[in-house]
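A closer look at the structure
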Amino acid sequence: MNPQSVLQAAGPQAHRIETLWWLFVGLLAAIWVVTIVLTILPAARRNPAGLSEPNLGAIVGSATGASVLILIGLTVVSVVAGRGVADADPPADSLVLEVTGSQWWWYVRYRNDDPSRIVVTANEIHIPVGRPVAIRGTSLDVIHSFWVPNLQGKRDLIPGHTTVQWFQADRPGRFRAQCAEFCGLQHANMGMWVVAADPGEFDAWMEKQLAPSREPTDAVQRRGREVFLGSSCAMCHAIGGTPAFGQNGPDLTHLASRLTIAAGTLPNTRDNLAKWVADPQSIKPGTRMPVVQLSIEDRNALAGYLGSLQ
Amino acid sequence: MSAIADPQTQLEDAEREALKWTWRNPAGIWGRLSSVDHKVIGKRYIVTAFVFLLLGGVEALLMRLQLAQPGSSLLGPLRYNQIFTLHGSTMMFLFAVPVMEGMGVYLVPLMLGTRNVAFPRLNAFGYWMYLFGGLLMYIAALTGTISDAGWFAYPPLSGPQYSSGKGVDVWAQMITFTEISAMVVAAELIVTILKMRAPGMTLNRLPLYCWTMLVQSFMVIFAMPAVMVSSTIMILNDRTIGTHFINPAEGGDPLLYQHVFWFFGHPEVYIIFLPALGFVSAIIETHSRRQIFGYPAMVLSLVANAFLAFSLWVHHMFATDIPHVAAAYFTAASMSIAITSGVQIFCWITTLWTGRMRITTAMHFVLGFVFIFVMGGMTGVMLASIPIDLQLHDTFFVVAHFHYVLIGGALFPLFGAFHYWFPKITGRMLDERLGKIAFWILFVGFNLAFFPMHIVGLQGMPRRVYTYLAEMNWGPANLLATVGAAMITIGGIVFIANVIRSRRSGEPAGSDPWQAATLEWRAASPPEDFNFVHLPAVANRTPLWDAPDARMEVTGMRRDRREVLVTSVLDAQPQFRMGLPEPTIWPLLAAVGIGIGLVGSIFVFSWYYVGGILGTIGLLGWFRPRGAREVEP
């Protein structure tokens, strides 16, 4: 199994593309086989085929004519499929997400007319099954590309432009997304998870994300929060309900509820959090996250606090 | 030397001696640097390009080693990104285009039955510019100045804000050098093909290979300025003097670059691929012992191919912000180029069926070409479909696709062409047995290396990643691809061994070892400096298949100066005799002067003026009138 496959569609858009793909492959593979057989066969023959030049002309002419018809057919099928996949505006009842690419992570904002119900998160998207989701994408620095193969084709995130695409998940599941436009040193580790859940479950997740961060419950976590607010962490990261509102890095208000850290690079465990804080550059060389000099106790306390931010 | 004192032979010997003296290549290092002989320069292009092919191949192998398993720390992101940038830039700008130009420079005058290209000094100048461009990139690389923004250098990533250092500037200026070189070759080949054909070689008797070079040269002239606009004017100026072509914060737009770059970038593929079609036509014609079926269809599809190639560029940009009505047009155009390529394939197949086929090594590479290239064409049709492309764009599927098209479509025919024309160039045959062994290793290795990439691409593996997570399950296919790359390396070594061995002790070839039909086989192997004792004249498309006594020659050409015959564009009627220039060092000096300016301007803009002054001095020396010898009507 593969978490990021074009051929395991989980929604109508990806499904349509998958069907189109198999049509293309079936037809073109057959043509390829015929071409190769016709090319290799004369090598085994001793005598030239006794065909007159006009006959040859008719053969080449009809092969060309057949190619024209097949290619017109494929163009039409492809453009029709494209209408359903690529160029329709998102339906009015879509859940609208703003995704902003940065070197090398994803900023995600759930639009809402009521400002108090806007959710901001990073590197993970939760969506309800059966409801269209529109992605309005842009970039803060270089060009990135948003791509969840199980759900939809890719769309570039371009500085100075806003690009729109939409998709829908038909079944619950976790689908991996990855940046698909070369964006520098850590292009390889710019991943993200898309979690599709039943609407009830999604609403519950939404409510949780709207809440401010959890208060520390023990001395270690309290120490961790002090470390966070007292060091350079708070310059770049925000934690709702605390004075930290840095915007250069992912929002950490509900960090512990996410599957991974470092944009899909490491499973989100307390150990990995401590490792990541201790030495981000050896895990993701070139990442914008600097090494923050902390004692081992402080680092563990910080990991403990971050790990409690459900 | 003949012992028979037949007057005819005696006369010919005297003529040969006179021509030898007039057309001699000067000796010594200075003399070699002064050479304006198309064969010398063509060989230099080919050998230099092969050195770059080896370098690009080593880079490819390093990338495959890094990707052989998930999470490998062999190279790390910076090195990996530098290496894939170097690999792409080397293969496109320093190998594929120059090697095709070099083959053209060598072969076209011989196939046309003339003694040199129309502008021999410009030809020398072009080679030096190409060499300096390649040296610039690799010397800079050795000092650690390498771009890591990819061979396509998309801004803003390649812009001043996100790529510090001089790597991208070096890359951009390398392109200026090589594109000047390509433009120069294109100009001289167009004039050579249109005005210097053997008398009687009307346009519809032009060998198909020369047609491909003619069409390709026109494409170069229309496509190459676009890349200089994108790399030099946009990227370099944004980086060095603070223009804002691509900076959205100052009203620029990164997509502008993509349009201009791909307006060059897509025709570039056909600039590489069309000459390969010419190789295939020449090899198939000789090996099936009949004319290629459907000559007019072949020529028209070449020309159509060239036009269509300029209307496909947006299919590299389907995932950007393109209005979809426009995008549908580009789908249709992208698909239709399969028709023009298809016509060529159909005509070859018909030729093979109705000819008496000989299976040499060259023919192996041609059959391998059809196998691989047609598969690349099929995946190309898939990628022309917008919905499919939106999934597969920038994945390893695309890497597989264009290696099938470029290695299958250009490198295999080139290897075939090597086996086919090696006897002409060196006078010795390549070993057939070693050649076939190399073919099979390369063929199996190629498919092993690149077929699995289709599959990992479908499994979601993006391009240009230096590593991947183990849980993505991309490991086995990647390992297989690396094994394939190792096999390609071995195949390459067998090929090189064959070249070295055959060059020393291969069987002597004689002037026409394949019983071919076109004029280059009428010259000695290797051709003498003046190509032909008497310029040939032709009455059909396959002059060497005429009875020996039906062969026609031009007489009355002067032998005491470098004289060629100029003929009319359509019907190749003799018009006048033209003197070609003598060898000279000035093209090299002009290239050095202009090169100093181009390299200096990477650091300080005003070096452009220095280059302008030095280049002008070089051109003054180059064009200084030298008495009556060259200008006599």
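Numbering of residues starts from 1 in each chain and follows the order in which that chain's sequence is written. Chain A is the first chain written and ligand 1 is the first ligand written, with later ones labelled in order. The model is predicted, so local features are restricted to residues of pLDDT at least 70 and side-chain atom pairs to those at 80 or more, both for listing and for counting; the totals for chains, interfaces and linings are taken over all residues. To get the side-chain values, all heavy atoms of the structure are used, and hydrogens and water are removed first.

Comments concerning the overall build of chain B
Condition: Per the convention used, a helix needs a DSSP run of H or I reaching at least four residues, while a strand needs a run of E reaching at least two, with both numbered from the N terminus. All radius of gyration figures rest on C-alpha atoms, and the globule criterion is 2.2 Å times the number of residues raised to 0.38. For every residue, the accessible area obtained with a 1.4 Å probe (protein chains only) is divided by the maximum for its type, and the residue is called buried under 20%, exposed over 50%, and partly exposed between those limits. What makes two residues a contact is simply this: any of their non-hydrogen atoms within 4.5 Å. Where accessible areas are quoted, they stem from the Shrake-Rupley method and a 1.4 Å probe; at the residue level, only the protein chains shown are allowed to cover. Think of it this way: Lys and Arg go in the positive column, Asp and Glu in the negative one, and His and the chain ends go nowhere. By convention, the point assigned to a charge is CZ for Arg, NZ for Lys, CD for Glu and CG for Asp.
Regarding its fold elements, chain B presents 18 helices and four strands. For 633 residues, the compact-globule estimate of 2.2 N^0.38 gives 26 Å, and the C-alpha radius of gyration of chain B, at 25 Å, lies within 12% of that figure. C-alpha atoms of chain B, sized along the principal axes, occupy 80 × 60 × 50 Å. Counting over 633 residues, chain B shows a buried share of 66%. Excluding contacts between residues fewer than 6 apart, the proportion of contacts in chain B whose partners are at least 24 apart in sequence is 81%. Summed over its atoms, the accessible surface of chain B is roughly 21600 Å², and 69% of this surface lies on carbon and sulfur atoms. Taking the 40 positively charged and 37 negatively charged side chains of chain B as two groups, their mean positions are separated by 6 Å.

What about the overall build of chain A?
Secondary structure summary: chain A contains eight helices and 12 strands in total. Here chain A has a C-alpha radius of gyration of 26 Å; the compact-globule value for 310 residues is 19 Å, and the former is much larger. Considered along the principal axes of its C-alpha atoms, chain A spans approximately 95 × 45 × 35 Å. At a minimum sequence separation of 6, the contacts of chain A that also span at least 24 residues come to 62%. Summed over its atoms, the accessible surface of chain A is roughly 12900 Å², and 59% of this surface lies on carbon and sulfur atoms. Averaging the coordinates of the 25 positive side-chain charges in chain A and doing the same for the 25 negative ones gives two points 5 Å apart.

A word on the sheet that holds strand β9 (residues 173-178) of chain A
Residue and element names in this part refer to chain A. Heads up, the rule is: Pairing between two strands requires that DSSP report at least two bridges joining them. Angles run from 0 to 180 degrees between N-to-C directions of axes, and those axes are lines fitted to C-alpha atoms, restricted for helices to the stretch in contact.
With respect to topology, three strands assemble into an open sheet ordered β4-β10-β9, the strand pairing being mixed. The open sheet is flanked by β4 (124-128) and β9, the only strands paired with a single partner. Neighbour to neighbour, the strand axes of the sheet diverge by 25° on average, direction disregarded. Note: β4 against strand β10 (residues 191-197), five bridges, orientation parallel. Within the sheet, the bridge partner assigned to histidine 126 lies in β10 and is valine 195. Along the sheet, helix α3 (residues 199-210) makes contact with β4 and β10, crossing β4 at roughly 135°.

A word on helix α7 (residues 208-240) of chain B
Residues and elements named next belong to chain B. To keep it simple, the criterion reads: By this rule the span expected of a helix is its residue count minus one, scaled by 1.5 Å. The bend at a residue is defined as the angle formed between two axes, one fitted to the seven residues ending at that residue and one fitted to the seven starting there.
With 33 residues, α7 extends 45 Å from end C-alpha to end C-alpha; this agrees with the ideal 48 Å at 1.5 Å per step. Taking the largest bend as the criterion, α7 deviates by roughly 30°, centred on isoleucine 221, and proline proline 225 comes between one and four positions later. Burial of α7 is extensive: 26 of the 33 residues sit out of reach of the surface. Backbone geometry just after α7 places glycine 242 at a positive phi near 70°.

Considerations on the environment of B:Gly377
Here B:Gly377 shows up in helix α11 (residues 361-384). Sequence separation between B:Gly377 and B:Met335 is 42 residues; the distance between their C-alpha atoms is 9.7 Å.

Things to note about the packing of helix α16 (residues 586-603) of chain B against helix α17 (residues 607-623) of chain B
All names here are of chain B. Under the convention used in this document: Note on terminology: angles under 35 degrees are roughly parallel, angles over 145 are roughly antiparallel, angles of 65 to 115 are roughly perpendicular, and the others are oblique. When residues are sorted by character, Ala, Val, Leu, Ile, Met, Phe, Trp, Tyr, Cys and Pro go into the nonpolar class, Asp, Glu, Lys and Arg into the charged class, and all the rest, Gly among them, into the polar class.
α17 packs onto α16 with a crossing angle of 175° between their chain directions and a minimal axis gap of 7 Å. Between α16 and α17, the angle is such that the two are roughly antiparallel. Residues Trp586, Pro587, Ala590, Gly593, Ile594, Ile596, Gly597, Leu598, Gly600 and Ser601 of α16 form the contact with α17, whose own contacting residues are Trp607, Tyr608, Gly611, Leu614, Gly615, Ile617, Gly618, Leu619, Gly621 and Trp622. Considered class by class, the residues forming the contact of α16 with α17 number 12 nonpolar, eight polar and no charged.

Comments concerning the sheet that holds strand β1 (residues 95-102) of chain A
Residue and element names in this part refer to chain A. Spatially, β3-β2-β1-β5-β8 is the arrangement adopted by the five strands of the open sheet, whose pairing is mixed. Lying at the two open borders of the sheet, with one neighbouring strand each, are β3 (119-122) and β8 (163-167). Across the sheet, the mean angle separating the axes of adjacent strands is 25° when strand polarity is ignored. Strand direction decides the pairing type here: strand β2 (residues 105-110) and β3, joined by four bridges, are antiparallel. Paired with tyrosine 107 across the two strands is alanine 122, which belongs to β3.

With respect to the interface of chain B and chain A
The cut-off we apply is this: Buried area, as used here, totals the accessible surface that two parts lose on assembly, with accessibility defined by a 1.4 Å probe and the loss added over both. For this analysis, a salt bridge means a side-chain nitrogen from Lys or Arg found within 4 Å of a carboxyl oxygen belonging to Asp or Glu. What qualifies as a polar contact is a pair of N or O atoms within 3.5 Å, subject to a donor-acceptor requirement within protein and to the restriction that residues adjacent in sequence count only when both atoms come from side chains.
At the interface, 79 residues of chain B touch 81 residues of chain A. Summing the contributions of chain B and of chain A, the shared interface buries around 6600 Å²; its carbon and sulfur component is 72%. Its largest share of buried area at the contact with chain A, chain B owes to B:Trp353, B:Gln391 and B:Leu458, together 12% of the area lost on that side. For the pair chain B and chain A, the number of links is one salt bridge. A salt bridge links B:Arg290 to A:Glu53; the shortest N-O distance between them is 3.3 Å. Counting across the chain B and chain A interface gives 18 residue pairs in polar contact (both at pLDDT 80 or more). When contributions to the side of chain B that touches chain A are tallied by element, the ones reaching two or more residues are α4 (76-112), α8 (254-288), α10 (324-354), α11, α12 (386-392) and α14 (432-458) of chain B.

Focus: the packing of aromatic side chains
All names here are of chain B. As a reminder of what qualifies: Stacked, tilted and edge-to-face are the three classes assigned to paired rings of Phe, Tyr and Trp, where Trp is represented by its six-membered ring and a pair needs centres within 6.5 Å; plane angles under 30 degrees give stacked, over 60 edge-to-face, the rest tilted. By the criterion adopted, a ring carries a charge over it if an Arg CZ or a Lys NZ lies within 6 Å of its centre and within 35 degrees of its normal.
As enumerated under the stated definition, the model contains 62 aromatic pairs over all chains in all. With a centroid separation of 5.0 Å and an interplanar angle of 70°, the aromatic rings of phenylalanine 605 and tyrosine 608 are classed as edge-to-face. Under the relative-accessibility criterion, tyrosine 608 is labelled partly exposed at 25%. When the ring centre of tryptophan 21 is taken as reference, the NZ or CZ atom of arginine 24 above it lies at 3.9 Å. Stacked on the ring of tyrosine 295, the Lys or Arg arginine 541 has its end atom at 3.7 Å from the ring centre.

With respect to the confidence of the model for chain B
Where the model shows low pLDDT, its predicted coordinates should not be examined in detail. Selection criterion: The quantity called pLDDT is the predictor's confidence in a given residue, expressed from 0 to 100.
Per-residue confidence for chain B gives a mean pLDDT of 94, with 98% of residues at or over 70. Of the two predicted TM-score estimates for the complex, the pTM is 0.96 and the ipTM is 0.96.

Re the nonpolar core
What counts here: Working definition of a nonpolar core: buried Ala, Val, Leu, Ile, Met, Phe, Trp, Tyr and Cys residues. They are joined through side-chain atoms within 4.5 Å.
By size, the foremost hydrophobic cluster in this structure holds 277 residues, and its most contacted members are A:Tyr110, A:Ile125, A:Phe146, B:Phe95, B:Met103 and B:Trp421. The element best represented in this core is α4(B), accounting for 21 residues. Among the nonpolar cores identified, the runner-up in size contains 22 residues, and A:Phe228, A:Leu255, A:Ile261 and A:Val277 belong to it.

Regarding the side chain of B:Gln66
All names here are of chain B. Locating glutamine 66 in the fold gives a position in helix α3 (residues 38-67). At a separation of 2.7 Å, a polar atom in the side chain of glutamine 66 contacts the main-chain carbonyl oxygen of tyrosine 466. Excluding its chain neighbours within four sequence positions, the residues that come into contact with glutamine 66 are Ser72, Ser73, Leu74, Leu75, Gly76, Tyr80, Tyr466 and Thr467.

Observations concerning the state of the cysteines
Note the threshold: When two cysteine sulfur atoms lie within 2.5 Å, the pair is treated as a disulfide.
Considering all chains together, one arrives at zero disulfides over all chains under this definition. The structure places no disulfide on A:Cys236, whose sulfur is separated from the nearest cysteine sulfur, that of A:Cys233, by 8.9 Å. A residue is classified by how much of its surface remains accessible, and A:Cys236, at 26% relative accessible area, is partly exposed. Between B:Cys347, a free cysteine, and B:Cys210, which holds the nearest cysteine sulfur, the sulfur-to-sulfur gap is 18 Å.

Some points on a nonpolar patch on the surface
Residues and elements named next belong to chain B. Cut-off, in case you're wondering: Patch membership requires more than 30% relative accessible area and the absence of a salt bridge. Residues of like charge join within 9 Å; the nonpolar side chains Val, Leu, Ile, Met, Phe, Trp and Tyr join within 5 Å.
On the surface, a nonpolar cluster with roughly 740 Å² of combined accessible area is contributed by Val592, Ile596, Phe603, Val604, Trp607, Val610, Ile613, Leu614 and Ile617. Going through the elements one at a time, α16 and α17 are the ones with two or more residues in the nonpolar patch. The element that contributes the greatest number of residues to the nonpolar patch is α17, accounting for five residues. Among the secondary structure elements, isoleucine 596 is positioned in helix α16. Overall, isoleucine 596 belongs to the partly exposed group, its relative accessible area being 36%.

Here we look at the side chain of B:Thr90
Residue and element names in this part refer to chain B. Mapped onto the elements, threonine 90 comes out in helix α4. On the basis of relative accessible area, threonine 90 is assigned to the buried category, the value being 0%. Within the structure, the side chain of threonine 90 is placed 2.6 Å from the side chain of tyrosine 138, a separation counted as a polar contact.

What about unusual backbone geometry?
With an omega of -5°, the peptide bond running from A:Gln103 to A:Trp104 counts as cis. Tracing the backbone shows A:Trp104 in the loop between β1 and β2. Residues B:Pro155 and B:Pro156 are joined by a peptide bond in cis, for which omega reads 0°. Relative to the helices and strands, B:Pro156 resides in the loop between α5 (120-142) and α6 (167-195). Of note, B:Asp394 is a non-glycine position whose phi angle comes to about 60°, a positive value. Among the secondary structure elements, B:Asp394 is positioned in the loop between α12 and α13 (396-426).

As for helix α4 (residues 219-230) of chain A
The terminal C-alpha atoms of α4(A), which comprises 12 residues, lie 16 Å apart, in line with the 16 Å expected from a rise of 1.5 Å per residue. Where α4(A) starts, the residue carrying a side-chain oxygen 3.2 Å from the main-chain nitrogen of A:Val220 turns out to be A:Asp218.

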